[in-house]
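Residue-level structural notes
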Amino acid sequence: MMQGVQDSTVRKPGWGMIQQVPLLDLGRQYAPLKTELDAAVLAVLAHGHFINGPEVGQFEKAAAAYVGAKHAIGVASGTDALLVALRALGVGPGDEVVIPTFTFFATAGVVTNLGARPVFVDVEEDTYNLDVRGLEKAITKKTKAIMPVHLFGQCADLDAIFKIAAKHNIPVVEDAAQALSSRFGDKHAGTLGALGCYSFFPSKNLGCLGDGGLIVCNDDKLAALVRKLKNHGAEPKYYHELVGYNSRLDTIHAAALLVKLPHLDEWSKKRRENAARYDKLLAGAKVQLPVDRGQGYHIYNQYTIALDRRDDLRAHLKSRKIGHEVYYPVPLHMQKCFAGLAYKQGDFPASERAAARACSLPIFPEMTVEEQEYVAKAVKDFAGQA
Ligand SMILES: *Cc1c(COP(=O)(O)O)cnc(C)c1O
């Protein structure tokens, strides 16, 4: 996936000649930016400020301006962003954090790692985002935060979530790991809650050169606490009021992100165009297509279809050399490591159905129309028309 530019397709005369379609081809993103990216990385090697070099502050400023938040603070990963954000809100042993059960593992893992208990809520059958109908009954006296996930690039129903959160006076942390550049109304995902968390894992819409993450917020005190926590709890250096973490966005990642950020809007636009094209190509196919709720700007970090014979579809896609992935095969309440929380199969039917039926198709910005047609034909050949 990351071994430079792949000439993975023979584009003419159409899908019959296509040899394979990768789920993601970062080489095609790298090629047009190569000169700039190489120079940015080499500049870091030359100046040698690998930790907290000037590019880190520059990127934090650029990212804050981009999403329209007062503060942006780089951390070592999206997982760390969630961890530090919850810790800044005081989440610890004995507390509960309400999260959807159909999401990437980190959303729950950080809660447990803080000594708190993840309390799961089901998702909506069509958007895969937190179903607010289950939210209120998940709230207890111990609930310290609600953490909706903007899954696959579409914001959860934040109006409804904030209404319930405000009623119970509980802060909201946005897991916007898959949703940088997505919007709810005209506001950027991640900027509406007390804190917003992003990931720069290479498969996210804005990827760095390995692991990286970012926390945004508008509150000065909270921002200062986040900065302290990610720096071993020290302020000033070597004076520790708290036991924090060593979590930094490395200079080399910030340098790459500064080159890439100006292209993010264009990439998101292309993902939306690809999604619209799939919608058309797959219209009438016997699969469940992703639903755009129309509450903002969906940036399709994933284009996820669903069908009953999902695993057979996977074999079929594999035989046609089409990259795909199941995000996510096991809802978190059924993970072995959470057996102690005593959830059982049947507790969250929409999430369990999604885990059994979902399949994400290639949607990266640089994919060609021919490749999309090839993928859509493969899906239709398998699933048939309605
Ligand atoms: C990717 C992701 C994370 C974690 O980000 P990392 O940078 O991989 O640590 C958290 N939550 C969700 C929903 C994600 O997709």
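Turning our eyes to something else, we now look at the sheet that holds strand S6 (residues 183-184). The 3 strands lie next to each other as S7-S6-S10, forming an open sheet whose pairing is antiparallel. The open sheet has two edge strands, strand S7 (187-188) and strand S10 (296-297), and neither has a second partner. Sheet topology places S6 next to S10; 2 bridges connect them, and they run antiparallel. Within S10, the position partnered with Arg 183 by the bridge is Tyr 297.

Annotation of the protein at the domain level lists domain 1 (34-261) and domain 2 (264-383). Its C-alpha centre places domain 1 at a distance of 24 Å from the equivalent point of domain 2. A combined buried area of about 3600 Å² lies between domain 1 and domain 2, and 54% of that area is made up of carbon and sulfur atoms. Contact with domain 2 buries surface across domain 1, with Phe 120, Phe 152 and Asn 205 losing the most and accounting together for 20% of the total. Put simply, domain 1 and domain 2 have 3 salt bridges between them. Ionic pairing is found between Arg 293 and Glu 124, a salt bridge with its closest N-O pair at 3.0 Å. Taken together, the links from domain 1 to domain 2 amount to 28 residue pairs in polar contact (both at pLDDT 80 or more). Contributing elements (two or more residues each) for the side of domain 1 that touches domain 2: helix H4 (106-113), strand S3 (117-121) and S6. Top element by residues in the side of domain 1 that touches domain 2 is S3. It accounts for 5 residues. Here the side of domain 1 that touches domain 2 is composed, by residue class, of 18 nonpolar, 13 polar and 9 charged.

The next point concerns the pairing of strand S9 (residues 213-217). Most of S9 sits out of view: 5 of its 5 residues are buried. Relative to S9, strand S1 (residues 71-75) runs antiparallel, the two sharing 5 bridges. The residue of S9 that forms the bridge with Gly 74 is Leu 214.

On to the layout of surface pockets. Empty space within the largest pocket amounts to approximately 370 Å³. No other element matches the 3 residues that helix H3 (residues 78-88) contributes to the lining of the largest pocket. If you count residues domain by domain, the lining of the largest pocket takes at least three from each of domain 1 (34-261) and domain 2 (264-383).

In this section: the environment of Arg 183. Take Arg 183: it is sitting in strand S6. Sequence separation between Arg 183 and Lys 380 is 197 residues, and the spatial gap between their C-alpha atoms is 31 Å. Not counting the four nearest positions on each side in its chain, Arg 183 is found in contact with Cys 155, His 188, Ala 189, Asp 265, Gly 296 and Tyr 297. At 3.4 Å, the side chain of Arg 183 and the backbone oxygen of Ser 181 are in polar contact.

Before going further, it helps to examine a nonpolar patch on the surface. Taken together, the side chains of Leu 42, Leu 45, Phe 50 and Ile 51 present a nonpolar region at the surface, about 390 Å² in accessible area. Note on placement: Phe 50 falls in the loop between helix H1 (26-47) and helix H2 (54-67).

This part covers the side chain of Gln 372. Inspection of the secondary structure puts Gln 372 in helix H11 (residues 369-383). Side chain to side chain, Gln 372 and Arg 277 meet in a polar contact 2.7 Å long.

In this section: the packing of H3 against helix H6 (residues 220-229). Two elements in contact, H3 and H6, have axes whose closest approach is 9 Å; the angle formed by their N-to-C orientations is 125 degrees. In terms of orientation, H3 and H6 fall into the oblique class. In this structure, H3 meets H6 at a crossing whose hand is right-handed. Contacts between H3 and H6 involve Val 84, Arg 87 and Ala 88 from the first element and Leu 222, Leu 225, Val 226 and Leu 229 from the second. For the contact of H3 with H6, the residue count by class is 6 nonpolar, no polar and 1 charged.

Reading the values: the criteria
Residues numbered from 1 in each chain as written. Predicted model: local features only at pLDDT ≥ 70, side-chain atom pairs only at ≥ 80, totals over all residues. Heavy atoms only, no water. Pairing = 2+ DSSP bridges. Helix = DSSP H or I, 4+ residues; strand = E, 2+ residues; numbered from the N terminus. Domains from an automatic or database assignment. Buried area = accessible area lost by both parts, 1.4 Å probe. Salt bridge = Lys/Arg side-chain N within 4 Å of Asp/Glu carboxyl O. Polar contact = N/O pair within 3.5 Å; in protein donor to acceptor, adjacent residues only side chain to side chain. Nonpolar A, V, L, I, M, F, W, Y, C, P; charged D, E, K, R; others polar. Buried < 20%, exposed > 50% of the residue type's maximum accessible area, 1.4 Å probe, protein only. 1 Å grid on protein atoms, 1.4 Å probe; cavity = no way out; pocket = protein on both sides within 12 Å on 5 of 7 lines; lining within 4 Å. Points joined across faces, edges and corners; volume = space filled by probe spheres on them. Contact = heavy atoms within 4.5 Å. Patch = residues over 30% accessible without salt bridge, like charges linked within 9 Å, V, L, I, M, F, W, Y side chains within 5 Å. Areas by Shrake-Rupley, 256 points an atom, 1.4 Å probe, with all protein chains shown as cover. Axes fitted to C-alpha atoms, helices over the stretch in contact; angles between N-to-C directions. Parallel < 35°, antiparallel > 145°, perpendicular 65-115°, else oblique. Left-handed = near helix turned anticlockwise from the far one by under 90°.

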